[in-house]
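Residue-level structural notes
Chain by chain, the residues run as shown.
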Number of protein chains: 2
Amino acid sequence: MHAPLDGIVVIDLTHVLAGPYASTQLADFGATVIKVERPGSGDDTRAFPPFKDGESAYFAALNHGKKSIALDLKSQADRAVFERLLGQADVILENFRPGAMEGLGYGWAELSARFPSLIYGAVSGFGHTGPEAGKPAYDMVVQARGGVMSITGEEGGSPVRVGASIGDIVAGMYLVQGVLAALLARDRTGKGAKVDISMLDAQIVIQEHAIAITTATGKPPGPTGARHPTITPFSTYRASDGFFVIAAGNDAIFARLCAALGQPELAADPRFATNADRCENVHLLKRLIEMVTLTLPRSHWIETLEAHGVPTGRVQNMAEALADPQVLARNMVLPVSAPEGRPTFVAAGNPVKMTGIAEPSARKPSPSLDGDRDAILRWLSEREFRAPDAR
Amino acid sequence: MHAPLDGIVVIDLTHVLAGPYASTQLADFGATVIKVERPGSGDDTRAFPPFKDGESAYFAALNHGKKSIALDLKSQADRAVFERLLGQADVILENFRPGAMEGLGYGWAELSARFPSLIYGAVSGFGHTGPEAGKPAYDMVVQARGGVMSITGEEGGSPVRVGASIGDIVAGMYLVQGVLAALLARDRTGKGAKVDISMLDAQIVIQEHAIAITTATGKPPGPTGARHPTITPFSTYRASDGFFVIAAGNDAIFARLCAALGQPELAADPRFATNADRCENVHLLKRLIEMVTLTLPRSHWIETLEAHGVPTGRVQNMAEALADPQVLARNMVLPVSAPEGRPTFVAAGNPVKMTGIAEPSARKPSPSLDGDRDAILRWLSEREFRAPDAR
């Protein structure tokens, strides 16, 4: 059984989140990922809290299974090693500020001339084109500019950040898509390609609903708290011990919900006859539902609603989510295995379950800074000896 | 110039959001996407508001450039057409409840036996394995169970839904990754693969920060409103005409921020000396900053902060985001071109900018239900005539 990217070599100059999130997925698909880090301190996230015995849990969760070599791309000796690596690589990834690679002499024009089959994947705040191409950006800046904060938060309240770093993460996912598509194209043409992902672009494309509403009605939507903007009841509700979700997408489910709550008269109430009526009286209906649900724990309500065929689920904190039986059954919570003497961390599993990809019982360790230098140099010499002019 | 998926045929049984979001991206990579819809009503989203002249803007934004044929997979005549389509297909996508395809006689076991090179991509609420494999789920249910709602919202407040439907969308993106990886594997082995994506799994993997904090400290994080949980000042702030973001990631940027605000004494204040000090006094610092920023509009502050090298940006509503010059320069807002007499909609552009993929000035129209039946049947006959036993 071969993994889809068996034999593919990725030279990974990326740091912090968007890029490393992408190269982790390429490693999950079977690629060899060689992380090229700044000598001395390496990837910034090596210094990100929380720590366990001096090592960053954040770095470990994002860099398991990669190899590390420290190279100063301004030193001649290290540039020679870097260029030998490129000679054996299928993909290079970077998330520097646009123009930085050109400044080092490694822009796409130079690289594609010397390494015509190399795929160059870049992710940056605003992309490599447009009036703001050169600017840096953080996750929160693109969440703000892309619109998602304007539709997230309490109804009538202030904009709120999405708790997960989707500004970085969605962009990293599009980088993976672009690299995979470029590898497919190379299978047919033999030629590499440049992939240019903008974090801001990626925030726009995930707004399908808000774009449709804004452009069809002329009115941009605002935040609606925990409820769905156009379906009722479809929100969080309080039980005696916490929040849970009720997702009643149509009249039939609403009738079953009313039965499950022991309130069949609600289904007959003209104020709640249609979804439009329920949306108009959304706050009243919420209070009527919570007068019932607040009396008992959410385990009771979830069991009862599921028995009545009403979509529901607990609002879980991260500790609960990581202990969720379905999540565990899908192998989505894995220890990061540790060589002798190093702390053990936890990382998410591979969300792409597919034929040809084994499901491991643990993640490989994350690399120590420059920890694979000797092995990488030996591997380089062997590859060059076996195929002196294969590329 | 060939697009990466030129010549690839996708038979798309998916409906609503997660699946159609995925097949749109495959179409952007050059694939031919044939949407197989239920006769009579088709994809549920054809009936989703908002409408323009009776057509759904939501459907149009997610289904541009696809072809449609209506088939009843329980009728013998239509099953024969469907199986002829599969004979010419590279990929089949579905987002039914797990078990539904088996019920139709089109489970992975049957399909891979008859069409060994076919790639089968499925996305569902909880995946095809585990104790809850058969259950339906909505975006909000997996946002709730996966933990993102527990870290989104006002500090100390109730959990809030992420305004964009990331429960569906992130899962759809992993489906694209899996299909592309399977196509790469097929280039080497000739064999198809099954890809099984769970919306809940996909919510877990985007929580890299919350997982690291929860597992390293034992304490799951809660919501922090618009601010970053561990960096200060890194949040939204009020100007006289709306919100904007200040992202001061280190001491040097904080000093420049104080200068830009005309408050150099803040940088010298021992209560704000280090990031740890600033986090401890985060609410005081916010008020001190807003006492200044509230006096002038955000255009002033963004210009001033950028001149001082402080990362910043407006919190934009969707109308502002869609008019953002950088977004427009990246071709991320496109009209959906309309055949004679049909309304014109707007859709997002392709976020994967790469060599080999042209940037169109408009999106192709979305299909009318069963609107491509004759053309699809003609195309089938031609393919079968030219290559009677190619598969």
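Rules and cut-offs
- Residues numbered from 1 in each chain as written.
- Chains lettered and ligands numbered in written order.
- Predicted model: local features only at pLDDT ≥ 70, side-chain atom pairs only at ≥ 80, totals over all residues.
- Heavy atoms only, no water.
- Helix = DSSP H or I, 4+ residues; strand = E, 2+ residues; numbered from the N terminus.
- Buried < 20%, exposed > 50% of the residue type's maximum accessible area, 1.4 Å probe, protein only.
- Areas by Shrake-Rupley, 256 points an atom, 1.4 Å probe, with all protein chains shown as cover.
- Lys, Arg positive; Asp, Glu negative; His and termini not counted.
- Charge placed at Lys NZ, Arg CZ, Asp CG, Glu CD.
- Least-squares fit on C-alpha atoms with pLDDT ≥ 70 in both.
- Contact = heavy atoms within 4.5 Å.
- Salt bridge = Lys/Arg side-chain N within 4 Å of Asp/Glu carboxyl O.
- Pairing = 2+ DSSP bridges.
- Axes fitted to C-alpha atoms, helices over the stretch in contact; angles between N-to-C directions.
- Parallel < 35°, antiparallel > 145°, perpendicular 65-115°, else oblique.
- Left-handed = near helix turned anticlockwise from the far one by under 90°.
- Nonpolar A, V, L, I, M, F, W, Y, C, P; charged D, E, K, R; others polar.
- Disulfide = S-S within 2.5 Å.
- Polar contact = N/O pair within 3.5 Å; in protein donor to acceptor, adjacent residues only side chain to side chain.
- Domains from an automatic or database assignment.
- Arc of directions from axis to C-beta.

As annotated in an unreviewed UniProt entry, chain A carries the name CoA transferase and is attributed to Albidovulum marisflavi.

Description of the overall build of chain A
Across its full length, chain A holds 17 helices and 14 strands. With respect to the principal axes defined by its C-alpha atoms, chain A has extents near 80 × 50 × 40 Å. Counting every position in chain A, which comprises 391 residues, the buried fraction comes to 58%. For chain A, the exposed area adds up to about 14,300 Å²; of that, 55% sits on carbon and sulfur atoms. With 38 positive and 43 negative side-chain charges, chain A shows a spacing of 2 Å between the two charge centroids.

What to know about the relation of the copies chain B and chain A
In screw terms, the move from chain B to chain A is a rotation of 180° and a rise of 0.0 Å along the axis, fitting with an RMSD of 0.0 Å. Both copies of the chain, as the preceding transformation shows, are related through a two-fold rotation axis. Comparing contact sets, 100% of the residues at the interface of chain B also lie at the interface in chain A, consistent with an isologous, same-surface contact.

Considerations on the pattern of salt bridges
Applying the stated rule across the entire model yields 42 salt bridges over all chains. Arg145(A) is the salt-bridge partner of Asp324(B), the closest N and O atoms lying 2.9 Å from each other. Of this pair, Asp324(B) sits in the loop between α15 (318-322) and α16 (325-329) while Arg145(A) sits in helix α6 (residues 139-146), placing the two residues on different chains. Taking the relative accessible area as the measure of exposure, Asp324(B) reaches 4% and is therefore buried. Given a relative accessible area of 7%, Arg145(A) falls into the buried group. Asp196(A) is the partner of Arg330(B) in a salt bridge, and the nearest nitrogen-oxygen pair spans 2.7 Å. Placement of the pair is Arg330(B) in the loop between α16 and β12 (333-336) and Asp196(A) in strand β8 (residues 194-198), with the two residues belonging to separate chains. Judged by relative accessible area, Asp196(A) falls into the buried class, the value being 7%.

What about the sheet that holds strand β9 (residues 234-239) of chain B?
Residue and element names in this part refer to chain B. Across the sheet, 3 strands lie side by side as β9-β10-β11; this open sheet has antiparallel pairing. Each having just a single partner strand, β9 and β11 (312-314) make up the two edges of the open sheet. Taken pair by pair, the neighbouring strands of this sheet meet at an average axis angle of 25°, ignoring direction. The pairing of strand β10 (residues 242-247) with β11 spans 3 bridges and is antiparallel.

A closer look at the packing of helix α1 (residues 18-28) of chain B against helix α7 (residues 166-189) of chain B
Between two packed helices, both the angle of their axes relative to each other and the distance between the axes serve to describe the pair. Residues and elements named next belong to chain B. Remark: α1 packs on α7, axes separated minimally by 8 Å, with the N-to-C direction vectors making an angle of 45°. Relative to α7, α1 is oriented oblique. In terms of crossing hand, the pair formed by α1 and α7 is right-handed. Across the interface between the two elements, Ala18, Tyr21, Ala22, Gln25 and Leu26 of α1 pack against Asp168, Ile169, Gly172, Met173, Leu175, Val176, Val179 and Leu180 of α7. Class assignment for the residues of the contact of α1 with α7 results in 10 nonpolar, 2 polar and 1 charged.

Comments concerning the pairing of strand β9 (residues 234-239) of chain A
Residue and element names in this part refer to chain A. Burial analysis of β9 places 5 of its 6 residues in the buried class, which makes it a mostly covered element. In this sheet, strand β10 (residues 242-247) lies alongside β9 in antiparallel orientation, the contact comprising 6 bridges. Counted as the bridge partner of arginine 238 is phenylalanine 243 from β10. Hairpin connection, β9 to β10: the antiparallel pair is bridged by 2 residues.

A word on the state of the cysteines
Tallying each qualifying case throughout the model produces 0 disulfides over all chains. Here Cys258(A) is not disulfide-linked; the sulfur of Cys279(A) is the nearest cysteine sulfur, at 15 Å.

Topic: the side chain of Gln203(B)
Relative to the helices and strands, Gln203(B) resides in helix α8 (residues 199-205). At 3.1 Å, the side chain of Gln203(B) and the backbone oxygen of Ile166(B) are in polar contact.

A closer look at unusual backbone geometry
The linkage connecting Thr232(A) with the following residue, Pro233(A), adopts the cis geometry, with an omega of -5°. Relative to the assigned elements, Pro233(A) resides in the loop between α9 (208-217) and β9. Here the phi dihedral of Asn331(B) falls at roughly 65°; this positive angle occurs in a residue that is not glycine. Within the secondary structure, Asn331(B) sits in the loop between α16 and β12.

Overview of the domain arrangement of chain A
Annotation of chain A at the domain level lists domain 1 (9-206 + 325-386) and domain 2 (234-316). Between the C-alpha centres of domain 1 of chain A and domain 2 of chain A the distance comes to 43 Å.

Re helix α10 (residues 251-260) of chain B
Structurally, the α-helix is built with 3.6 residues per turn, so residues lying three or four positions apart point the same way. All names here are of chain B. Taken residue by residue, α10 has Ile253, Phe254, Leu257, Cys258 and Ala260 as its buried positions. One side of α10 carries all its buried residues, which in axial view fall inside an arc of 160°. On its buried side, α10 packs onto β10, α11 (264-268), α12 (275-280), α13 (282-293) and α14 (298-307). One side-chain oxygen at the N-terminal end of α10 lies 3.1 Å from the backbone nitrogen of alanine 252; it belongs to asparagine 250. Among the residues trailing α10, glycine 262 stands out with phi positive, at a value near 70°.

Examining the side chain of His128(B)
Relative to the helices and strands, His128(B) is located in the loop between β7 (119-124) and α6 (139-146). Among the polar contacts listed, one links the side chain of His128(B) to the side chain of Lys194(B), at a separation of 2.8 Å. In contact with His128(B), not counting residues within four places along its chain, are Arg330(A), Glu94(B), Pro98(B), Tyr120(B), Ala122(B), Ala133(B), Lys194(B) and Asp196(B).

Digging into the environment of Phe96(B)
All names here are of chain B. Looking at where phenylalanine 96 falls in the secondary structure, it is placed in the loop between β6 (91-94) and α4 (100-103). Measuring from C-alpha to C-alpha, the distance between phenylalanine 96 and glutamate 359 comes to 33 Å, with 263 residues separating the pair along the chain. Contact partners of phenylalanine 96, with chain neighbours within four places excluded, come to Leu13, His15, Met101, Val123 and Ser124.

Regarding the sheet that holds β6(B)
Read across the open sheet, the 7 strands follow the order β14(A)-β8(B)-β7(B)-β6(B)-β1(B)-β2(B)-β5(B); overall the sheet is mixed. Where the open sheet ends on each side, the last strands, each with one partner, are β14 (353-354) of chain A together with β5 (67-70) of chain B. Relative to strand β8 (residues 194-198) of chain B, β7(B) runs parallel, the two being bridged by 5 bridges. Each bridged residue has a counterpart across the sheet, and for Val123(B) the counterpart in β8(B) is Ile197(B). Contacting β1 (9-12), β2 (32-37), β6 and β7 of chain B, α1(B) crosses the sheet at an angle of about 155° to β2(B). Along the sheet, helix α3 (residues 76-88) of chain B makes contact with β1, β2, β5 and β6 of chain B, crossing β1(B) at roughly 150°.

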